[in-house]
Amino acid sequence: MKKFFGIALGLALFCSVQVGSVFAETPLSQAINDGVGAPYKYAGTTKNGFDCSGYTAFVFAKLDIKLPHQSKGQAELGTTVEKDDLRPGDLVFFKTDGVGISHVGVYVGGGKFYHSATNIGVTVNKLNENYYTKYYVTAKRILSDEQYEAFMSDNQ
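Reference entry: report on the structure contained in this document. None of these values were measured; they are calculated from a predicted model.

Pairing within the open sheet is antiparallel, and its 6 strands lie in the order β3-β8-β4-β5-β6-β7. Each of the sheet's edge strands pairs with one partner strand only, and the pair in question is β3 (79-80) and β7 (121-126). The pairing of β3 with strand β8 (residues 136-141) spans 2 bridges and is antiparallel. Looking at the pairing, Thr79 lines up with Arg141 of β8. Here helix α3 (residues 52-61) sits on the sheet in contact with β4 (91-94), β5 (103-109), β6 (112-117) and β7, set at roughly 45° to β5.

Our focus in this paragraph is the packing of helix α2 (residues 27-34) against α3. It is the contact of α2 with α3, at a shortest axis distance of 8 Å, that shows an interaxial angle of 145°. In this structure, α2 meets α3 at a crossing whose hand is right-handed. On α3, the residues touching Ala31, Ile32 and Asp34 of α2 are Tyr55, Phe58 and Val59. Each residue belonging to the contact of α2 with α3 can be placed in one class, and the counts come to 5 nonpolar, no polar and 1 charged.

Here the focus is the pairing of β4. For a regular strand, side chains alternate in direction, first toward one face of the sheet and then toward the other. Of the two faces of β4, the one holding Leu91 and Phe93 and the one holding Val92 and Phe94 are both buried throughout. When β4 meets β5, the two strands line up antiparallel, connected through 4 bridges. When the sheet's bridge partners are listed, Phe94 is paired in β5 with His103. Relative to β8, β4 runs antiparallel, the two being bridged by 4 bridges. By the bridge assignment for β8, Leu91 is matched with Lys140.

Bringing the layout of surface pockets into the picture now. For the largest pocket, the calculated volume is near 350 Å³. Taken together, 20 residues line the largest pocket, and the ones lying closest to its centre are Tyr40, Cys52, Thr96, Ser102 and His103. Among the elements that take part in the lining of the largest pocket, β6 stands out by supplying 3 residues, more than any other.

Attention shifts here to the nonpolar core. Residues Ile32, Tyr55, Phe60, Ile65 and Leu91 are the most contacted members of the largest nonpolar core, which totals 27 residues. Of all the elements in the fold, those that place two or more residues in this core are α2, α3, β4, β5 and α6 (145-151). In terms of residue count, α3 provides more of this core than any other element does, 6 residues in total. Counting residues in hydrophobic clusters, the runner-up holds 10 residues, among them Val81, Tyr107, Leu127 and Tyr132.

Here the focus is the environment of Gln30. Within the fold, Gln30 resides in helix α2. Note on Gln30: relative accessible area 42%, which makes it partly exposed. As a C-alpha pair, Gln30 and Val59 span 29 residues in sequence and 8.8 Å in three-dimensional space.

For side chains bearing opposite charge, pairing can occur when the charged atoms are close. Across all of its chains, the model carries 4 salt bridges by this definition. Between Lys62 and Asp34 there is a salt bridge, and its shortest N-O distance comes to 2.7 Å. One end of the pair, Lys62, is in the loop between α3 and α4 (71-75); the other, Asp34, is in helix α2, and 28 residues separate them in sequence. Overall, the relative accessible area of 45% leaves Lys62 in the partly exposed class. Arg141 is the salt-bridge partner of Asp90, the closest N and O atoms lying 2.9 Å from each other. Remark: Arg141 occurs in strand β8 and Asp90 occurs in the loop between β3 and β4; sequence separation between them is 51 residues.

Procedures and definitions
Each residue is numbered by its place in its chain's sequence as written, counting from 1. Predicted model: local features are reported for residues with pLDDT of at least 70 only, side-chain atom pairs are reported and counted for 80 or more only, and whole-chain, interface and lining totals are derived from all residues. The side-chain quantities take in all heavy atoms of the structure and omit both hydrogens and water. At least two DSSP bridges between two strands are required for those strands to pair. Labels follow the DSSP assignment, with helices taken as runs of H or I lasting at least four residues and strands as runs of E lasting at least two, numbered in each case from the N terminus. Throughout, a contact is declared for two residues whenever any of their heavy atoms are within 4.5 Å. As a rule, the C-alpha atoms of each element are fitted with a line to give its axis, helices using only the stretch in contact, and angles between N-to-C directions run from 0 to 180 degrees. Two helices that cross are described as forming a left-handed crossing if the nearer one is turned anticlockwise from the farther one by less than a right angle, and a right-handed crossing if clockwise. Any residue outside Ala, Val, Leu, Ile, Met, Phe, Trp, Tyr, Cys, Pro, Asp, Glu, Lys and Arg is labelled polar, Gly included; the first ten of those are nonpolar and the last four are charged. The cut-offs for exposure are 20% and 50% of the maximum accessible area for each residue type, with area from a 1.4 Å probe on protein chains only; residues under the lower value are buried, those over the upper are exposed, and the others partly exposed. Cavity means a closed set of points on a 1 Å grid over the protein atoms alone, one where a 1.4 Å probe fits but cannot get out, pocket means an open set with protein on both sides within 12 Å along at least 5 of 7 lines, and lining means a residue has an atom within 4 Å of a point. Grid points are joined across faces, edges and corners, and a volume is the space filled by probe spheres set on the points. As used here, the term nonpolar core means buried Ala, Val, Leu, Ile, Met, Phe, Trp, Tyr and Cys residues forming a set that is joined through side-chain atoms within 4.5 Å. A pairing counts as a salt bridge when a side-chain nitrogen of Lys or Arg comes within 4 Å of a carboxyl oxygen of Asp or Glu.

Written out as structure tokens, the structure is:
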């Protein structure tokens, strides 16, 4: 019986992944979490279905920041950030099609990022997973320090 409750509790915690604290979500975590569970849809920009850049544009639109609906276009914005210096809200970019930047997600801390994956939809993965390590290209900081402080505060 104890084993059952342990498994049930673990599953509940796994299924309720959140970016914010246990007690209060921040504007950034609310924006990220709002799209979680949406299916993948080519060229999708709504909770009815997102592609990768549609999801990141949706997240940033919730923060009143407009991003283009293309991962390559998003990669041209902001300031380049080293992988070791990532903070929540940074965009992470991948070359999954062999040509150039073709995938984007939003970093949430702890080595994890949220993105809309083909055939899965909005999900969370670790940057150190073999697939993402192999195809990682760069990261960009879109939020200024002032915006970051405001969007990471639960006093909004």
